[in-house]
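# Secondary and tertiary structure notes
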Amino acid sequence: MIRRLAAEALGTGLLIVAVIGSGIMATNLTDDVALQLLCNAVATGGALVALILIFAPVSGASFNPAVGIVGALLGEVPWKQTALYAVAQTVGGCFGAMTANVMFEHPVVEFSTKVRDGSNIYVSEVVATVGLLLVIWGTIRANRSNLVPFTVAAWITGAYFFTSSTSLANPAVSIARSLSNSFAGIDPTSVPAFISLQIIGAFLAYSIIRSMFVQESKQ
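We now turn to the structure provided with this report. (Residues numbered from 1 in each chain as written. Predicted model: local features only at pLDDT ≥ 70, side-chain atom pairs only at ≥ 80, totals over all residues. Heavy atoms only, no water.)

To continue, consider the overall build of the protein chain. A count of helical and extended segments in the protein chain gives nine helices and zero strands. Put simply, the protein chain runs from its N terminus to its C terminus through helices and strands in the order α-α-α-α-α-α-α-α-α. Against the globule reference of 17 Å for 219 residues, the protein chain gives a C-alpha radius of gyration of 16 Å, in line with a compact fold. Taking the principal axes of its C-alpha atoms as reference, the protein chain extends roughly 55 × 40 × 30 Å. Put simply, the protein chain has 219 residues, and 53% of those count as buried. For the protein chain, the share of sequence-separated contacts (at least 6 apart) that also reach a separation of at least 24 residues comes to 78%. (Helix = DSSP H or I, 4+ residues; strand = E, 2+ residues; numbered from the N terminus. Rg over C-alpha atoms; globule rule 2.2 N^0.38 Å. Buried < 20%, exposed > 50% of the residue type's maximum accessible area, 1.4 Å probe, protein only. Contact = heavy atoms within 4.5 Å.)

Laid out in structure tokens, this is it:
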């Protein structure tokens, strides 16, 4: 368990380094917001593929408490493990944010001032979370678990552009991104709403998975 928790913490931390670091680098290189978002999305997608591939054999490489919630609801993982993973992912993500800040000569902890609110953003975050979870379990139920790194990266890269929330879809990531006042940041006051919506998305995804993918896998 210690090895698995360490893998989840390290994997989530490196993911956050990629998310925040690429956002800062993009704003350093160009003032074009569309190009900044493209750089951020591509770097995040690339990091996801690599990190899931190397850590999946160790811990499952969920890097996301919402994934753990669905796994526990489906009876595939114990709730205790889900809780421990969530703590490890959050701690690792926060260290990743601080590391990215230091890499670009920002204060180690620099709370974001980027407020993300509004009904459109809230709906987007539910959609982003539901979609991510369906992509994961849909790929698994299709007996193509080896493709999960690529389908997850494809969804997240695309969702950066087609959701107004830019698809955080992850409670641990949401907390970590509040510690960097950069392109990928989120104001700490916006985090509780995002986490609530991500949990709602997890329960909605669970309902869909139970009614759709599980039945199909039994046919």
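Along the chain, the position of serine 22 falls in helix 1 (residues 2-29). Side-chain polar atoms of serine 22 contact the backbone oxygen of valine 19, separated by 3.2 Å. Excluding its chain neighbours within four sequence positions, the residues that come into contact with serine 22 are Val17, Cys39, Asn40 and Ala43. (Polar contact = N/O pair within 3.5 Å; in protein donor to acceptor, adjacent residues only side chain to side chain.)

Counting buried positions over the nine residues of helix 3 (residues 65-73) gives eight, a clear majority of the element. The elements touched by buried residues of helix 3 are helix 4 (79-103), helix 5 (119-141), helix 7 (171-177) and helix 8 (191-211). At the N-terminal boundary of helix 3, the capping side chain belongs to asparagine 64, with an oxygen 2.8 Å from the backbone nitrogen of alanine 66. One or two steps after helix 3, the chain reaches glycine 75, where phi turns positive at roughly 80°.

This part takes up the packing of helix 1 against helix 2 (residues 33-59). Orientation of helix 1 relative to helix 2, taken along the N-to-C sense of each, is 165°, at an axis distance of 8 Å. When the axis of helix 1 is compared with that of helix 2, the two are roughly antiparallel. Where helix 1 crosses over helix 2, the handedness of that crossing is right-handed. Its residues placed into classes, the contact of helix 1 with helix 2 shows 14 nonpolar, eight polar and three charged. (Axes fitted to C-alpha atoms, helices over the stretch in contact; angles between N-to-C directions. Parallel < 35°, antiparallel > 145°, perpendicular 65-115°, else oblique. Left-handed = near helix turned anticlockwise from the far one by under 90°. Nonpolar A, V, L, I, M, F, W, Y, C, P; charged D, E, K, R; others polar.)

In this model, the largest pocket occupies a volume close to 620 Å³. Along the walls of the largest pocket sit 35 residues, with Ala61, Ser62, Phe63, Val67 and Ile136 positioned nearest its centre. Of the voids in this model, the second largest pocket is the one considered here, and its volume is about 160 Å³. The biggest single contributor to the lining of the second largest pocket is helix 2, with three residues. Taken together, the residues of the lining of the second largest pocket sort by class into five nonpolar, four polar and three charged. (1 Å grid on protein atoms, 1.4 Å probe; cavity = no way out; pocket = protein on both sides within 12 Å on 5 of 7 lines; lining within 4 Å. Points joined across faces, edges and corners; volume = space filled by probe spheres on them.)

Moving on, we come to the nonpolar core. Ranked by size, the top nonpolar core spans 52 residues in total, and within it Trp137 and Val152 carry the most contacts. Those elements that provide at least two residues to this core are helix 1, helix 2, helix 3, helix 4, helix 5, helix 6 (148-162), helix 7 and helix 8. Each residue touching valine 152, except ones within four places of it in the same chain, is listed here: Leu48, Ile52, Leu132, Val135 and Ile136. Within the second largest apolar cluster, five residues are counted, among which are Ile121, Leu168, Val191 and Phe194. (Core = buried A, V, L, I, M, F, W, Y, C linked by side-chain atoms within 4.5 Å.)

A few words now on a nonpolar patch on the surface. The grouping of Leu35, Leu38, Val42 and Phe161 at the surface amounts to a nonpolar patch, some 350 Å² of accessible area in total. Mapped onto the secondary structure, valine 42 falls in helix 2. We classify valine 42 as exposed; its relative accessible area is 51%. (Patch = residues over 30% accessible without salt bridge, like charges linked within 9 Å, V, L, I, M, F, W, Y side chains within 5 Å. Areas by Shrake-Rupley, 256 points an atom, 1.4 Å probe, with all protein chains shown as cover. Salt bridge = Lys/Arg side-chain N within 4 Å of Asp/Glu carboxyl O.)

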